[in-house]
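Residue-level listing of the chains:
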Amino acid sequence: MHRTTFTDAACPVARSLEQIGDRWTLLIVREALDGVSRLGEFHRNLRLGRNVLSARLSKLVSLGMLRMQPASDGSPYREYVLTEKGESLRPVILALHRWGEEDLFSSDGQSPHPETQGGARRLAGLK
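Below, the structure is looked at part by part. Every value quoted in this text rests on a predicted model; they were computed, and no experiment measured them. (Residues numbered from 1 in each chain as written. Predicted model: local features only at pLDDT ≥ 70, side-chain atom pairs only at ≥ 80, totals over all residues. Heavy atoms only, no water.)

## Re a nonpolar patch on the surface
Part 1 of the reasoning: On the surface, Val92, Leu96, Trp99 and Leu104 cluster together into a nonpolar patch covering about 390 Å² of accessible area.
Part 2 of the reasoning: Within the secondary structure, valine 92 sits in helix H6 (residues 90–103). (Patch = residues over 30% accessible without salt bridge, like charges linked within 9 Å, V, L, I, M, F, W, Y side chains within 5 Å. Areas by Shrake-Rupley, 256 points an atom, 1.4 Å probe, with all protein chains shown as cover. Salt bridge = Lys/Arg side-chain N within 4 Å of Asp/Glu carboxyl O. Helix = DSSP H or I, 4+ residues; strand = E, 2+ residues; numbered from the N terminus.)

Right under this line is the structure:
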């Protein structure tokens, strides 16, 4: 089956979705906004397969949303750091966070999936 591309679409929403690609992109960017920078940290926090995670991180680097740099602690590791383009997704992620809080949680504030609350608490500080 051939996937429709929105690369040249007239609609900015469609073009944006072409860049974002899937749900993992925004979750990876959310983690980066929270200070996560190493592959192992992304893997631990997102519980995403390393092959999928590596592919998404590589795509985010190729799209200019993340860049790789030597580890800040001088170790031989590399870190992923948000670029200005990646950082510009902050209001999008905050808007999704607010929408999710207002419309997807019960009135007592409890998530149907308690493991998602940690990320929501972290994201609240990203304003």
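## Overview of the pattern of salt bridges
Part 1 of the reasoning: Evaluated as defined, the whole model comprises 5 salt bridges.
Part 2 of the reasoning: Note that glutamate 31 and arginine 30 form a salt bridge whose closest N and O atoms lie 2.7 Å from each other.
Part 3 of the reasoning: We classify glutamate 31 as buried; its relative accessible area is 0%.
Part 4 of the reasoning: For glutamate 87, the salt bridge identified is with arginine 90, shortest N-O distance 2.5 Å.
Part 5 of the reasoning: For glutamate 87, a relative accessible area of 31% translates into the label partly exposed.
Part 6 of the reasoning: When salt bridges that share partners are traced, they join Arg38, Asp73 and Glu79 into one network. (Buried < 20%, exposed > 50% of the residue type's maximum accessible area, 1.4 Å probe, protein only.)

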